[in-house]
Amino acid sequence: MQSLSGKVVSTLLCAVFHSPLINNSELSNNAGKKTKEYKSHYKPSKEFNYSVYSLNGVNYEILEPKQKRNNKVVLLLHGGSYKVRLLDMYRSLAEKISRTLNYCTVYNLDYRTFPEYKYPAQIEDAVALFQEMQRQGIETKNIVFIGDSAGANLALTSTLYMRDNGMELPSAIVCFSLWGDMTNSGKSVVDNCYRDPFGGIARRKKAEDNWEYLHRISAFAKELDRSSPYVSPSFADFTDFPPVTLICGEAEMDRSSNEMAHENMKKAGVDAELHMFDGMFHDFQLVPFFPETKRVFEIMKSRIIK
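Nothing here was measured: the structure is a model prediction, and the numbers come from that model. (Residues numbered from 1 in each chain as written. Predicted model: local features only at pLDDT ≥ 70, side-chain atom pairs only at ≥ 80, totals over all residues. Heavy atoms only, no water.)

(A) The arrangement of helix H5 (residues 150-164) in detail. Between the first and last C-alpha of H5 there are 21 Å, a value that for 15 residues agrees with the 21 Å anticipated at 1.5 Å per step. Buried residues dominate H5, accounting for twelve of its 15 residues. Looking at the packing, one finds that the buried side of H5 touches strand S3 (73-77), helix H4 (121-135), strand S5 (143-148), strand S6 (172-176) and helix H8 (255-267). (Helix = DSSP H or I, 4+ residues; strand = E, 2+ residues; numbered from the N terminus. Expected span 1.5 Å × (residues − 1). Buried < 20%, exposed > 50% of the residue type's maximum accessible area, 1.4 Å probe, protein only. Contact = heavy atoms within 4.5 Å.)

Here it is in structure tokens:
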């Protein structure tokens, strides 16, 4: 059952983002443009050390607990339609993840973004940092990929690339609100068009009259083979994948891509779990005060800390 706070926030977000004043189709483009010159104001909490490094001209950050209690190391891959740079909200998320996982180290990747850097630059950046972590002496059995939305896409596509090229893989993957189907053809695109604030339409509009809008293709993927698993990982063969935990909202327009990915993982014999939260929207996991979010982090911990 959806929490009261979840219902209230979902209703308010739909009222705002489905209003005539908001052009949902331009949200990610506008956000991407605004973050190109983004300046961080983040200051780490007192229990952490925080450092910024560069690898092949791409920045990554390390959040290190001053009193480390866990050998797990998270590679955090942020969302934002591959257009938005690393924001302070993800630096705060890194702290929450570290605390949840008994104070582990978190690497945060500020990967290259579209349109300046087109596919597969993002996969290259994720793979390069994973290899750098290994060079730094971190054992792959301790590395966990965590990503939301486009970051969840990147967690899966980079792992697919490494598997197909005979490389070592992370020990586990956690996907929040996977954006896994760039064809945008899943049943939930229409079924949830009135319920998901991000990408949907107002109830006064008819889905059949807004078919093209609802099934619009991201600019990131327009020139790509959208059926390729390296672009739409929900279509992939996940043979030999590490354990994967998929967590999404039941009201997401992208719910189908999470369901498809989970089905394909189970077919391949992967230790995969799909957790859907009633009434919740895309990326609800980033809202810290929801009771649902508390449960998400409990699930994540149970899957990673054995």
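(B) Fine view of the environment of Glu292. Among the secondary structure elements, Glu292 is positioned in helix H9 (residues 291-304). Glu292 sits in the buried class, given a relative accessible area of 6%. Separated by 288 residues in the primary sequence, Glu292 and Leu4 place their C-alpha atoms 11 Å from one another. Excluding residues within four positions of it along the chain, Glu292 makes contact with Met1, Gln2, Ser3, Phe277, Met280 and Phe284.

(C) Structural detail: the pattern of salt bridges. The tally for this structure, following the rule as stated, stands at 18 salt bridges. In this structure, the salt-bridge partner of Glu250 is Arg195, at a minimum N-O distance of 2.8 Å. A residue pair is termed long-range when its members are at least 10 positions apart, and Glu250 in the loop between strand S7 (244-249) and H8 and Arg195 in the loop between helix H6 (188-191) and helix H7 (211-214) qualify at 55 residues. By sharing partners, the salt bridges in this structure join Arg195, Glu250, Arg255 and Glu259 into a single network. (Salt bridge = Lys/Arg side-chain N within 4 Å of Asp/Glu carboxyl O.)

(D) The sheet that holds strand S8 (residues 272-277), seen in detail. Strand order in the open sheet made by the eight strands is S1-S2-S4-S3-S5-S6-S7-S8, with mixed pairing throughout. The open sheet has two edge strands, strand S1 (48-55) and S8, and neither has a second partner. Neighbour-to-neighbour, the strand axes of this sheet turn through a mean angle of 15 degrees, independent of strand direction. Across five bridges, the pairing between S3 and strand S4 (residues 105-109) is parallel. Bridge pairing links Val73 to Thr105 in S4. The strands touched by helix H3 (residues 88-100) within the sheet are S1, strand S2 (58-65), S3, S4 and S5, with S4 carrying the most contacts at an inclination of about 155 degrees. Against the sheet, H8 contacts S7 and S8, and its axis sits at roughly 160 degrees relative to S8. (Pairing = 2+ DSSP bridges. Axes fitted to C-alpha atoms, helices over the stretch in contact; angles between N-to-C directions.)

(E) Looking closely at the packing of aromatic side chains. For the structure shown, the criterion picks out 16 aromatic pairs. Considering the side-chain rings of Phe198 and Phe281, the 6.0 Å spacing of their centres and the 70 degrees angle between planes classify their relative orientation as edge-to-face. Of this pair, Phe198 sits in the loop between H6 and H7 while Phe281 sits in the loop between S8 and H9, placing them 83 residues apart in sequence. Every member of this aromatic cluster is reached through a ring pair, and the members are Phe17, Phe198, Phe281, Phe289 and Phe290. (Phe/Tyr/Trp six-rings, centres within 6.5 Å; stacked < 30°, edge-to-face > 60°.)

(F) Spatial organisation of the pairing of S6. In terms of burial, S6 is largely enclosed, as five of its five residues are buried. Burial of S6 is two-sided: the residues Ala172, Val174 and Phe176 facing one way and the residues Ile173 and Cys175 facing the other way are all buried. Direction of pairing for S5 relative to S6: parallel, over a ladder of five bridges. Directly across from Asp148, in S6, lies its bridge partner Phe176. In this fold, S5 hands off to H5, which returns the chain to S6; that crossover is right-handed. Strand direction decides the pairing type here: S6 and S7, joined by four bridges, are parallel. If you follow Ile173 over to S7, its bridge partner there is Val244. (Right-handed = clockwise from strand over helix to strand, strands pointing away.)

(G) Structural context of the layout of surface pockets. Each pocket or cavity is described by its volume, and for the largest pocket that value is around 1,200 Å³. Leu27, Ser28, Ser81, Phe198 and His282 are the residues nearest the centre of the largest pocket, which is lined by 40 residues in total. Of all the secondary structure elements, the ones that give two or more residues to the lining of the largest pocket are helix H1 (4-17), helix H2 (27-35) and H3. No other element matches H2, which puts five residues into the lining of the largest pocket. What the second largest pocket holds in volume is close to 220 Å³. Looking at the second largest pocket, the residues that line it are Lys36, Glu37, Gly57, Val58, Asn59, Arg85, Asp110, Tyr111, Arg112, Thr113, Glu116 and Tyr117. Residue composition of the lining of the second largest pocket, by class: three nonpolar, three polar and six charged. (1 Å grid on protein atoms, 1.4 Å probe; cavity = no way out; pocket = protein on both sides within 12 Å on 5 of 7 lines; lining within 4 Å. Points joined across faces, edges and corners; volume = space filled by probe spheres on them. Nonpolar A, V, L, I, M, F, W, Y, C, P; charged D, E, K, R; others polar.)

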